[in-house]
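Chain by chain, the residues run as shown.
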Amino acid sequence: MTPLHKITREKILELLKRVQEPVLKEDIVSLGLVREIGVEKNNVFLHLEASVDDPVIQEELRNAIFRELQPLGANRVEVHFSGKAKEEAQGTASLPIAGVRHVIAVASGKGGVGKSTVAVNLALALLEKGARVGLMDGDIYGPNIPIMLGISPERRPEANADGKIIPLEAHGLKTVSVGFFADPKQPIIWRGPLLHKTVEQFLHRVDWGTLDYLVVDLPPGTGDVQLSLAQWVPLSGVVIVSTPQEVALADVRRAVSMFRQLEIPILGVVENMTGPVFGRGGGEKMAEVLQIPFLGDIPLETQIRECGDAGVPFVKAHPKGLLGERFIHIAACVRAALK
Ligand SMILES: Nc1ncnc2c1ncn2[C@@H]1O[C@H](COP(=O)(O)OP(=O)(O)OP(=O)(O)O)[C@@H](O)[C@H]1O
Ligand SMILES: [Mg+2]
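In this report, we go over the structure that sits alongside the text. Bear in mind the structure is a predicted one, so any value in this text is a computation, not a measurement. (Residues numbered from 1 in each chain as written. Chains lettered and ligands numbered in written order. Predicted model: local features only at pLDDT ≥ 70, side-chain atom pairs only at ≥ 80, totals over all residues. Heavy atoms only, no water.)

## Some thoughts on the pattern of salt bridges
- Taken as a whole and judged by the stated rule, the model has 14 salt bridges.
- Lysine 11 is the partner of glutamate 14 in a salt bridge, and the nearest nitrogen-oxygen pair spans 3.8 Å. Taken together, the residues glutamate 14 and lysine 11, both in helix α1 (residues 9–16) and 3 residues apart, mark about one turn of the helix.
- Residue classification places glutamate 14 among the partly exposed residues on the basis of a relative accessible area of 47%.
- The salt bridge partner of glutamate 49 is arginine 35, with a shortest N-O separation of 3.7 Å. With glutamate 49 in strand β4 (residues 43–49) and arginine 35 in strand β3 (residues 34–40), the pair connects residues that are 14 residues apart, well separated along the chain.
- In this structure, a network of salt bridges that share partners links the residues Arg101, Arg132 and Asp212. (Salt bridge = Lys/Arg side-chain N within 4 Å of Asp/Glu carboxyl O. Helix = DSSP H or I, 4+ residues; strand = E, 2+ residues; numbered from the N terminus. Buried < 20%, exposed > 50% of the residue type's maximum accessible area, 1.4 Å probe, protein only.)

## Looking at the environment of phenylalanine 181
- Tracing the backbone through its elements, the reader meets phenylalanine 181 in the loop between β9 (173–176) and α6 (192–204).
- Placed 25 residues apart in sequence, phenylalanine 181 and arginine 156 show a C-alpha to C-alpha distance of 7.0 Å.
- Setting aside residues up to four positions removed in sequence, phenylalanine 181 forms contacts with Pro157, Ile165 and Phe202. (Contact = heavy atoms within 4.5 Å.)

## Some words on α1
- Turning to α1, its buried residues number three or more, namely Ile12, Leu13, Leu15 and Leu16. End-on, the buried residues of α1 take up no more than an arc of 160 degrees, which puts them together on one face.
- The inward-facing, buried residues of α1 contact β3, β4 and α2 (55–69). (Arc of directions from axis to C-beta.)

## Description of the packing of aromatic side chains
- Enumeration according to the criterion identifies 1 aromatic pair in this entry.
- Between the aromatic rings of phenylalanine 181 and phenylalanine 202, the centroid separation amounts to 6.2 Å while the plane-to-plane angle is 35 degrees, which identifies the pairing as tilted. A residue pair is termed long-range when its members are at least 10 positions apart, and phenylalanine 181 in the loop between β9 and α6 and phenylalanine 202 in helix α6 qualify at 21 residues.
- Its relative accessible area of 43% is what places phenylalanine 181 among the partly exposed residues. (Phe/Tyr/Trp six-rings, centres within 6.5 Å; stacked < 30°, edge-to-face > 60°.)

## Some thoughts on helix α8 (residues 246–261)
- With 16 residues, α8 should cover 22 Å at 1.5 Å per step; its first-to-last C-alpha distance of 23 Å lies within 8% of that length.
- Taken as a whole, α8 has its buried residues at Ala248, Leu249, Asp251, Val252, Arg253, Ala255, Val256, Ser257, Met258, Phe259 and Gln261.
- Positive backbone phi, at 60 degrees, marks glutamate 263, one or two positions downstream of α8. (Expected span 1.5 Å × (residues − 1).)

## Some thoughts on the site of ligand 1
- Looking at ligand 1, there are 18 residues lining it, with Gly112, Lys115, Ser116, Thr117 and Pro299 nearest.
- In the environment of ligand 1, an oxygen atom lies 2.9 Å from a nitrogen or oxygen atom belonging to the backbone of glycine 114.
- A distance of 2.7 Å is found between an oxygen atom of ligand 1 and a side-chain nitrogen or oxygen belonging to lysine 115.
- Within the complex, 81% of the 630 Å² of free accessible area of ligand 1 lies under protein.
- Elements represented by at least two residues in the shell around ligand 1 include exactly α4 (115–128), β12 (266–274), β13 (294–299) and α10 (302–310).
- Looking at the shell around ligand 1, its residues break down into 8 nonpolar, 6 polar and 4 charged. (Near = heavy atom within 4 Å. Polar contact = N/O pair within 3.5 Å; in protein donor to acceptor, adjacent residues only side chain to side chain. Areas by Shrake-Rupley, 256 points an atom, 1.4 Å probe, with all protein chains shown as cover. Nonpolar A, V, L, I, M, F, W, Y, C, P; charged D, E, K, R; others polar.)

Following this line, the structure appears as structure tokens:
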């Protein structure tokens, strides 16, 4: 038998792939939970990112890992858990924005699934119901909100007497985007501290006035902007967007796991681009497995894209049609979840 210290990291990972995370129902390697592997004599040390805080589940995982690694000749398998996302988000006091009742983030694990489309239409659907609504473009790498709201690239926000940014208004929404300040032809490159600062400015150095909802459109993934947002402001909840496909769904699990660690309520999942191209039903199934509400699906529909490109979001152009009603329904679910 190969001595344990000669066993490769790949071999250990291969075995760990058989260990399922009991809540997310996927193996711990694919979920990216394995952070460090160490071998010393016949002992294995593992550092896992904690997807759950529950000590009973952690113990189950320890046992499952031991069962897989013992046949290699491991006498002892030591597993440490850490809550990375939460640790990183601690340390700054998150402050509510005066006058703003609820901050809602729209997120996904994956790019291009329709976060911005859902964020814009959700914001307008909430407005349609008589709420006061703002939309913050949290996608500081590739801001799409200015185009989706039809805001001309020449428009620049001004500052009020206190030096706070006065948001631009479009279709009745107050909005702020990096796109208002950047040259659209130049790529936007961020270093960590500046990114963090910009998120803070967009929350606390903007004259949002009185709002019932501030919707934040996030960039894809589980990265710095998400953590920064969670650090600067108490979030009322997050809406997760996914397409019905398997890949997108695996990314959703990761996003859900991160927001759970950050203790941000998950308001529910929207399945976007449902239909013959990407399938249907995956989002609803996922919601069931992850025990989060399903907020509804939006079909893949040329008109939705055209409206986005034209700067008049679908809900604004067709609030009364069947499709418009779907966005209105999602907004109603979000409102109900926040009551
Ligand atoms: N239901 C839909 N039907 C048709 N087109 C859609 C639909 N949802 C989004 N789109 C189009 O798909 C493209 C991507 O959507 P969107 O920009 O909203 O995704 P995103 O998740 O915000 O992307 P990114 O990760 O780049 O921020 C856009 O052109 C948008 O108009
Ligand atoms: Mg986007």
